[in-house]
Amino acid sequence: MGADNARGATSPVALTLALCFAVALLEGLDLQSVGVAARGMAKEFGLSVAQMGIAFSAGTFGLLPGAMIGGRLADSIGRKRVLMLSAAIFGLLSIATAFVSDFWMLVIVRVLTGIGLGGAMPNLIALSSEAVAPRSRGTAVSIMYCGIPLGGGIAATIGMLAVSDADWRHIFYVGGVGPLLLLPLLAWFLPESRAFAAATSQGQNATPAPMTSVLFSEGRGMSTVQLWLSYFCTLIVLYFLLNWLPSLMGSRGLARGEIGWVQILFNVGSAVGVLCLGYLMDRARMSLVIGGMYLGMIASLIGLAAAQGFSVLAAAAFFAGMFIIGGQSVLYALAAAYYPTAMRGTGVGAAVAVGRIGSVVGPLAAGMLLAVGSSAAVVIGASIPVTIVAALAALTLIRRPRAAD
């Protein structure tokens, strides 16, 4: 009775977006936790630059199977159940990260953590987009996704408050306990997607369509390929910055506090970009939003590569976050628009999974470039051609027909 009254007092849309935002906040914290803890880990375990690249990519590697499995399960057992399972997995494994004792244990634990993180995202996208009318999907997904950069800002703040590099474990305690505390709220208050419930009642989800049919039949093949390419290339750039930005700023001579502020401004800019681009996506011409978004990415990357001094680097980081993470939220909303309800979890999950390959490639490629002596400017500049490819894929995608529901 009390639960029903509590649900009735708040609209299902508000509850869904608020709880999905909370999960995204904790996911964003975990995604940037290794970057924040990198210096302490490297000192304690004696890790080389190349090994740190592997450690960064380990968590993102787990995101790939997690997204595929999480998206597929979402179309058969429901978005809410899979989201709760994913949150439990990445919460427990985040805590386990604080107890690792060597490099390979770190890699294994981060891969497993990534599986939980990967399973959460397709369900966050599906729940957010299905809670509102199709005309408001961009705004709804952007509100949810705003939690990712704000969680990253919390991670950067925890890193700044650490007394020394030896305190690197604290961020994983916070990142692990949070999802576990959130689980009862998800169980009690999060409504299942009404669109999914309606599809289930009509028998559409009794036996999910084969994955190849979901992705490539009924004219969706080209849309799927274009979506995958834009995800893959954009996430190369995004995860390269998420993982290596603190180290690259350190190589420019910034102190610990200054690095923390650069990270915070990167995440504040991300939140601004997510909300603004999501709002524009539902109200402005799509080609202008996508084109402006990628032009902003390229300009901010040039700024990061060429900037010298704390003030200019901080400004460049703000705009990089605004356009790169803001742009990723636009792509997430686009994915939901190209697959009908009965197969949306599978379609979005596959796109997220392919993008996660890029999230593995980005940190690894940056680590290899740095290991052979490339400067921070060269490493950042190398991501600009990748951004151009992502832009071309996204701009051709939006010309294709979308799903009816």
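This write-up is about the structure you can find in this document. It should be emphasised that the depicted structure is a prediction, and the values quoted were computed from it without experimental measurement.

What follows concerns the overall build of the protein. In terms of regular secondary structure, the protein is built from 17 helices and zero strands. Relative to a compact globule of 405 residues, whose C-alpha radius of gyration would be 22 Å, the protein shows 20 Å and is just as compact. Principal-axis analysis of the C-alpha atoms gives the protein an extent of 60 × 45 × 35 Å. With 405 residues in all, the protein has 57% of them scored as buried. Long-range pairs, those at least 24 residues apart, make up 87% of the contacts in the protein with a sequence separation of at least 6. Where the 22 positive side-chain charges of the protein centre and where its 14 negative ones centre are 8 Å apart.

Attention shifts here to the packing of helix 11 (residues 221-251) against helix 13 (residues 286-306). In the contact formed by helix 11 and helix 13, the axes pass within 13 Å of each other and the chain directions differ by 30°. Comparing the axis directions of helix 11 and helix 13 gives the class roughly parallel. Considering how the two elements wind past one another, helix 11 and helix 13 form a crossing that is left-handed. Each of Ser-230, Thr-234, Val-237 and Leu-241 in helix 11 lies in contact with helix 13, whose residues at this interface are Tyr-294, Met-297, Leu-301 and Leu-304.

In this structure, the largest pocket encloses a volume near 630 Å³. Residue lining of the largest pocket: 35 residues in total, with Gly-35, Val-36, Ala-38, Arg-39 and Pro-246 positioned closest to the centre. Looking at the lining of the largest pocket, the elements with two or more residues in it are helix 2 (12-45), helix 3 (49-77), helix 7 (147-161), helix 8 (170-189), helix 11 and helix 12 (256-281). Top contributing element to the lining of the largest pocket by residue count: helix 2, with seven residues. Each residue belonging to the lining of the largest pocket can be placed in one class, and the counts come to 20 nonpolar, eleven polar and four charged.

Now for the nonpolar core. Note on soluble globular proteins: their nonpolar side chains tend to be buried together. With 121 residues, the main nonpolar core has Met-121, Met-144, Tyr-145, Leu-241, Ile-290 and Tyr-294 as its most contacted residues. Of the residues forming this core, the biggest block, 17 residues, is contributed by helix 14 (residues 310-337). Once you skip the residues sitting within four places of it in the chain, Ile-290 turns out to touch Val-330, Leu-334, Ala-394, Leu-395 and Ile-398.

Our next topic: the packing of aromatic side chains. Applying the stated rule across the entire model yields eight aromatic pairs. Consider the rings of Phe-103 and Trp-104, whose centres lie 4.8 Å apart with planes at 65°: the pair is edge-to-face. Note on Phe-103: relative accessible area 8%, which makes it buried. Arranged with centres 5.2 Å apart and planes meeting at 65°, the rings of Tyr-145 and Tyr-332 form a pair that is edge-to-face.

Moving on, we get to empty space enclosed by the protein. The final tally for this structure, using the stated rule, is three cavities of 30 Å³ or more. Considering only enclosed or pocket space, the largest cavity measures out at about 100 Å³ in volume. Forming the boundary of the largest cavity are Asp-30, Leu-31, Val-34, Phe-56, Gly-59, Thr-60, Leu-63, Arg-110, Gly-114, Leu-117, Tyr-239 and Asn-243. Where the lining of the largest cavity is concerned, the elements lending two or more residues are helix 2, helix 3, helix 5 (103-130) and helix 11. Per-element tally for the lining of the largest cavity: the top contributor is helix 3, with four residues. Residues belonging to the lining of the largest cavity are distributed by class as follows: six nonpolar, four polar and two charged. Empty space within the second largest cavity amounts to approximately 50 Å³. Contributing elements (two or more residues each) for the lining of the second largest cavity: helix 11 and helix 14. Considering each element in turn, the lining of the second largest cavity owes the most residues, four residues, to helix 11. Partitioned by chemical class, the residues of the lining of the second largest cavity number ten nonpolar, no polar and one charged.

Further remarks concern the side chain of Arg-220. The residue Arg-220 is located in the loop between helix 10 (211-216) and helix 11 in this model. Judged by its relative accessible area of 8%, Arg-220 is buried. Within the structure, the side chain of Arg-220 is placed 3.1 Å from the backbone oxygen of Ser-213, a separation counted as a polar contact. For Arg-220, the side chain forms a polar contact with the side chain of Glu-218, separated by 3.3 Å.

Another point: the packing of helix 13 against helix 17 (residues 383-397). Viewed as axis vectors pointing N to C, helix 13 and helix 17 meet at an angle of 180°, and their least axial separation amounts to 10 Å. With respect to helix 17, the axis of helix 13 lies roughly antiparallel. Here Ser-287, Ile-290, Gly-291, Tyr-294, Met-297, Ile-298, Leu-301 and Ile-302 of helix 13 come into contact with helix 17, specifically with Ser-383, Ile-384, Thr-387, Ile-388, Ala-390, Ala-391, Ala-394 and Leu-395. Tallied by class, residues from the contact of helix 13 with helix 17 come to twelve nonpolar, four polar and no charged.

Let us now look at helix 15 (residues 341-371). Here helix 15 spans 46 Å end to end across 31 residues, near enough to the 45 Å set by a 1.5 Å rise per residue. Among the 31 residues that make up helix 15, 23 are buried, leaving the element largely enclosed by the rest of the structure. Phi for Gly-373, located one or two positions after helix 15, is positive at around 95°.

This part is about the pattern of salt bridges. Within the structure shown, the criterion is met by six salt bridges. With a closest N to O distance of 3.0 Å, Arg-344 and Glu-130 form a salt bridge. With a gap of 214 residues between them, Arg-344 in helix 15 and Glu-130 in helix 5 connect regions that are remote in the sequence. Residue class for Arg-344 comes out buried when judged on its relative accessible area of 0%. With a closest N to O distance of 3.3 Å, Glu-218 and Arg-220 form a salt bridge. By relative accessible area, which is 70% here, Glu-218 ends up exposed. Connected through salt bridges with shared partners, the residues Asp-75, Arg-79, Glu-130 and Arg-344 form a single ionic network.

Rules used in this analysis
Residues numbered from 1 in each chain as written. Predicted model: local features only at pLDDT ≥ 70, side-chain atom pairs only at ≥ 80, totals over all residues. Heavy atoms only, no water. Helix = DSSP H or I, 4+ residues; strand = E, 2+ residues; numbered from the N terminus. Rg over C-alpha atoms; globule rule 2.2 N^0.38 Å. Buried < 20%, exposed > 50% of the residue type's maximum accessible area, 1.4 Å probe, protein only. Contact = heavy atoms within 4.5 Å. Lys, Arg positive; Asp, Glu negative; His and termini not counted. Charge placed at Lys NZ, Arg CZ, Asp CG, Glu CD. Axes fitted to C-alpha atoms, helices over the stretch in contact; angles between N-to-C directions. Parallel < 35°, antiparallel > 145°, perpendicular 65-115°, else oblique. Left-handed = near helix turned anticlockwise from the far one by under 90°. 1 Å grid on protein atoms, 1.4 Å probe; cavity = no way out; pocket = protein on both sides within 12 Å on 5 of 7 lines; lining within 4 Å. Points joined across faces, edges and corners; volume = space filled by probe spheres on them. Nonpolar A, V, L, I, M, F, W, Y, C, P; charged D, E, K, R; others polar. Core = buried A, V, L, I, M, F, W, Y, C linked by side-chain atoms within 4.5 Å. Phe/Tyr/Trp six-rings, centres within 6.5 Å; stacked < 30°, edge-to-face > 60°. Polar contact = N/O pair within 3.5 Å; in protein donor to acceptor, adjacent residues only side chain to side chain. Expected span 1.5 Å × (residues − 1). Salt bridge = Lys/Arg side-chain N within 4 Å of Asp/Glu carboxyl O.

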